[in-house]
Amino acid sequence: MPGSQSFLRQRKANPPSIQKKNSKSGGATDSDKTEKGSDLQAPQSPSREEEVVWGKTPDGKVFRVPTTHDVITTLLNPGYKKSHLDLLNLGLLGFQIALYLVLPRHVSQVFFFIYFAFWRAAYDAGLGWVLTKQSKKKWIVKEVQRRGWLNEESRPAVRNWIRKQLQDKMGKDYSFDELPLEYNTWLLFRQLVDVILVNDFLSYCMFAFSCFRIPEGLSGVVHVIRWLAGIALIGFNLWVKTEAHNVVKDYGWYWGDCFFQRGNLVFDGVFELAPHPMYSVGYAGYYGLSLISGSYKVLFASLAAHAAQFAFLILFENPPTDIERNYGQKKAIAQRIRFRSNSAVAGPSSTTAAVATPEPGVDSSTPAITEGDSATTEPELETETEIEEQTIPEFNLPNKTKPSSTIKSQHSRHQPKLSIASSVSSNTGFVHQKKQPKALSQHDLLNKYFRRDTVTLRNLDLLRATDAMLILVITYSASLALIPALSPKTTLMLHYFHALAWVFIHYVGLGQLLRAQSESKFLVRHFLKNYHYGERDVGEGPIIEAFTNWKTIYNLSMCMTYVSCLGLVWKSYSLPNDWGVGNELLCHTMGTLLVGLHIWATMESYEVLGVFGWFFGDFFMEEFPAHLEYTGIYRYLNNPEAMGGAAWFGLALISGSKLVLSLAVVKHLANWWFLTNVEKWVVIPVCFRVSADVLTENQLYLRDPDSPHMRKLYGDSLRQDAGFVKVIKNVASKNAKMLESRADRHVPELKRVVTEVKGTFDKVLEDTAEAVEEFLARSGPKFSEVMQDTKVLLQQSRERLVITRVANDISSYDPTKYNVSIVPSSTTGANAFHLGEPITVKWQAPINHSRKDWIGLYRVGANKSTLVTKTSSLGMWLPVHGEEWDGHVPVGLERARHHDSQYGTVTFKGNTLPWLVGRYEHPVDLGLNQIRYHHDGKYNVMSLDGPLEIYVDKPSETNFSTVRETLMRVVPLALDSDPSLIPLSCKTAPTGSGTQTSSLPPSEGTNAEGSGSGAGAHDDQEHLEDRDPDDFTFWSERQAKRICAAIKQVFDVDYAPEVVVADANLTALAKRILVSKELLSGRPPNTSG
């Protein structure tokens, strides 16, 4: 009903005669009579003497809302008839008062505390749970319908009883038979709520009275102040509740918006006093009664009850299931509301004013319930003049009202009192503004200055140096506070393990991290995936940020390694009593020399390497020239870093501690592992002398066959022997020649022995090489198979987390009468669907089939049995009769039987689709899937069809045009083809009526682009020019995850959802993918086209 949506947003003011009449009406308290926020009108205008309020059910039925009365009037006024539930309520109240008068004080305290806890739980937990289900799935209405309580044919006695109860409480304008099921169900629900609320209130009062005492040790003045403050708080509580009821009336007081639509409430008056006044300051009476009773028991019970009420607020009313569902539009993620600026000087008759203009085509979101539109706006905003000028940007909320004498807007008392920004965006016919250049939107500004910032421990990233330091500080601070007093021996062992941990972190942990960076650019990929970079920074930004964080983490780890070692030495060292006895002086001297050698070698290494080599810059940046200069200490040693362990052995000598010595050995081994597995290969020369003038040298490389970083980067410029090694070899060669000249007579014998030994070594080396090659050749496929099997097991482990339930009455059903078939794709004409494309399935079943039947989508081979499904569908399932299910629970409504069989269709889309493509060997093929029809909510298979294939189009070449075209196909599918979300550039040309409709109903806050009605009617060409056609938005982060999964499978580039949300633009995302592939592969993409 697009036409009806226009009056749903109008605010009607009462004529003076009606206001005067309403002010005299005492019993009628519902906003059914008067309410400022009524958004429903009669099909025909009523007379001005009597205002008629109209309601609308979820199915669109409009009805006249009768008058209701408040609970105090109907319950305590003898002039009103009492229903059976009213009598029950009065009986429960009298029962409490009688027990209070009869029971002893200590017994009544315990009883009324338990009794109050019961009614408080019934309110916050019971009503919260029921209202949540009603708000989401209309559960209460469906349950009443299922049980037939209001059905004259199935339960006439129950219906007549309910009819009498409601008619006795209502006025003459109430007609049970003419009003819809939803309204009558709400009236019945009100009766239950009255029982809970009234008994909850009285049981609390009885508990407080039972705990009443006069505190001792206080002066009379304090007692007077205590009583006055308590009475004031109780009076304030009553005033807040009364004023809140005057604003929301019975419709809002009893959550009528969960049952039917009657108008957008305007939360003014007391709702401008505090956020959520009914649940915050509206419970001040709890603390007032606590003061009067003088009991800590009452105070703590009040705090607990108030906390439970806040839980009700947070879990039920704050989520979009209730308030935002009814009083505010659904907020889209990544919505670009652009800010315009104009620094032109206004004319003499106008002054600069600040207005924030939302981007056309995007409606401003309605605030939350207690922060809604205010009815108390400035008088200037109600004058009938025009907005003269729009100037500098306002970076506050888009709908914030900013009064100014120079801002004039045309408003009628019978139109919504919109804020300036919303007035500018909706009433474009009254705005005269100049063309202004595009500016950044609030979305872009947020992503420019905020990128997954750590808030307490949220968004924690240990590869980000600041976060690693944060965890380090927290850990050490907590350790200092929590570790108890320890014995000296235990303290020493604690320092030892502390130092040992840092050794492994520095050499093994960071070594693996650096190795992964060398082999797959792990750190760069990590920052490219998880952090958004602007268009200018996406090429170098991830590299710079990865290297910057690496430098900080590496330096931190190195310093902590030395500090932890020194801490162990300090705890284990003791000054010798006599330096001349034993080897104390020698150990200290040698230890000092080794420490000095360590410092000298480290300084020399840094002087040669510089800051670039010190922090392994060649692992990150490729701009620097790839050549080596063996100068300084590197003239003599290939790895002078190995001498860095000298200080550790020196400290072991100085301290004389075996723990320090073992730490030095472990550190030396860890450093050796780092040098051999991260920086370069291990080269072991094996020399064989054949004769006096022939020397053969072979080299044995001991490492995995993957290319090491140093040899990959520097190639043949890596030397095999350092200067020191060459000198030793030359000396050994000269000595060998001298020995040969003195033993000429033994040359033939030595030659024979050398030849035999060489042949033996050659044979051993050859056999070893063949064995290694054969092992690798045979184990390669095995390793691949093991890896594949591991992936399969991980996938199946998720699927098999299900308890298979089978039906006992399966023999009563004939499987041959069941049929399920996949509707071929409109694109391929076969059971092959593009990733994200909806899959429609036809089903047919006998008339006696269970209403709990459901259809699941599974991988081919995931279930070996065709009779029973034993794996989980992982959320990829749909009920055959979706309207009869409440989430995952069937409500089982009755249905008519007019045919021998029944048939229908279900469509898998969105979260019920498989978002994974690819082909793997049978029986586990993640690209092929199967449809299964199940019986009665169980896992008995009645019919199956398939397989169906999920594919994705991969471009033949990677350039801007092909990447963007691929995204134009994938993004709309990931966004459920919702016209309010997908880019304008992806929308097809109008056909038929020339309109496009949104996939979401108008009540969800979406409007069709160019529909020409409702809030989206101003989407004309002028507005479209201001919006980037490639922009898109999201309803949830799950849709962004789908786009990330598609990009990973098409382009092999991994992004976090936050990165895609930050871009939210086809062109920006396409450029990011191109630069990312260039960054990760080193092959520049073709950016033409």
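About the thresholds
- Residues numbered from 1 in each chain as written.
- Predicted model: local features only at pLDDT ≥ 70, side-chain atom pairs only at ≥ 80, totals over all residues.
- Heavy atoms only, no water.
- Core = buried A, V, L, I, M, F, W, Y, C linked by side-chain atoms within 4.5 Å.
- Buried < 20%, exposed > 50% of the residue type's maximum accessible area, 1.4 Å probe, protein only.
- Contact = heavy atoms within 4.5 Å.
- Phe/Tyr/Trp six-rings, centres within 6.5 Å; stacked < 30°, edge-to-face > 60°.
- Helix = DSSP H or I, 4+ residues; strand = E, 2+ residues; numbered from the N terminus.
- Polar contact = N/O pair within 3.5 Å; in protein donor to acceptor, adjacent residues only side chain to side chain.
- Axes fitted to C-alpha atoms, helices over the stretch in contact; angles between N-to-C directions.
- Parallel < 35°, antiparallel > 145°, perpendicular 65-115°, else oblique.
- Left-handed = near helix turned anticlockwise from the far one by under 90°.
- Patch = residues over 30% accessible without salt bridge, like charges linked within 9 Å, V, L, I, M, F, W, Y side chains within 5 Å.
- Areas by Shrake-Rupley, 256 points an atom, 1.4 Å probe, with all protein chains shown as cover.
- Salt bridge = Lys/Arg side-chain N within 4 Å of Asp/Glu carboxyl O.
- Expected span 1.5 Å × (residues − 1).
- Arc of directions from axis to C-beta.

### A look at the nonpolar core
Formed by 105 residues in total, the largest nonpolar core has its most connected members in Trp550, Ile839, Ile855, Phe908, Phe1034 and Ile1043. What tryptophan 550 contacts, discounting residues up to four positions off in sequence, is Leu510, Leu513, Leu514, Leu523, Phe615, Phe616 and Phe620. Counting 67 residues, the second-largest nonpolar core is a separate cluster that includes Leu188, Met278, Tyr286 and Ala305.

### Observations concerning the packing of aromatic side chains
Inspection of every chain in the model, using the stated rule, returns 43 aromatic pairs. Three or more aromatic residues joined by ring pairs make a cluster, and in this case those are Phe547, Trp550, Tyr554, Phe615, Phe616, Phe619, Phe620 and Phe674.

### Observations regarding the side chain of arginine 336
Looking at the secondary structure, you find arginine 336 in the loop between α12 (323–327) and α13 (420–426). One polar contact links the side chain of arginine 336 to the main-chain carbonyl oxygen of aspartate 1063, over a distance of 2.6 Å.

### Regarding the packing of helix α19 (residues 584–614) against helix α20 (residues 646–655)
Viewed as axis vectors pointing N to C, α19 and α20 meet at an angle of 160°, and their least axial separation amounts to 7 Å. The pairing of α19 with α20 is recorded here as roughly antiparallel in orientation. Crossing geometry of α19 relative to α20 is assigned as left-handed. Contacts between α19 and α20 involve Cys587, His588, Met590, Gly591, Thr592, Leu594, Val595, Leu597 and His598 from the first element and Ala646, Ala647, Phe649, Gly650, Leu651, Leu653 and Ile654 from the second.

### Considerations on a nonpolar patch on the surface
Where nonpolar side chains cluster on the molecular surface, the patch consists of Ile72, Leu76, Leu87 and Leu90 and spans about 370 Å² of accessible area. Breaking the nonpolar patch down by element, the ones donating at least two residues are α3 (71–76) and α4 (84–102). One can find leucine 76 in helix α3. Given a relative accessible area of 55%, leucine 76 falls into the exposed group.

### Things to note about helix α15 (residues 465–482)
End to end, α15 covers 25 Å across 18 residues, agreeing with the expected 26 Å (1.5 Å per residue, within 8%). Every buried residue of α15 is listed here: Ala465, Asp467, Ala468 and Leu472. The buried side chains of α15 occupy one side of the element, clustering within an arc of 165° when seen end-on. Those residues of α15 that are exposed and aimed more than 90 degrees away from the buried face are Thr466, Val473, Ala481 and Leu482. Summarising the contacts, the buried residues of α15 are in contact with α16 (488–520) and α18 (541–572).

### Remarks on the pattern of salt bridges
Here the idea is simple: oppositely charged side chains can pair when their charged atoms come close. Counted by the stated rule, this structure contains 22 salt bridges. Its salt-bridge partner being glutamate 519, residue arginine 515 comes within 3.3 Å of it at the nearest N-O pair. Taken together, the residues span about one helical turn, with arginine 515 and glutamate 519 both in helix α16 at a distance of four residues. Two residues, lysine 1071 and glutamate 535, come together in a salt bridge whose shortest N-O distance is 2.9 Å. Taken together, the residues lysine 1071 in helix α29 (residues 1066–1081) and glutamate 535 in the loop between α17 (522–530) and α18 connect sequence positions 536 residues apart. For lysine 1071, a relative accessible area of 31% gives the class partly exposed. Overlapping salt bridges bring together Arg120, Asp124 and Asp200 as one network.

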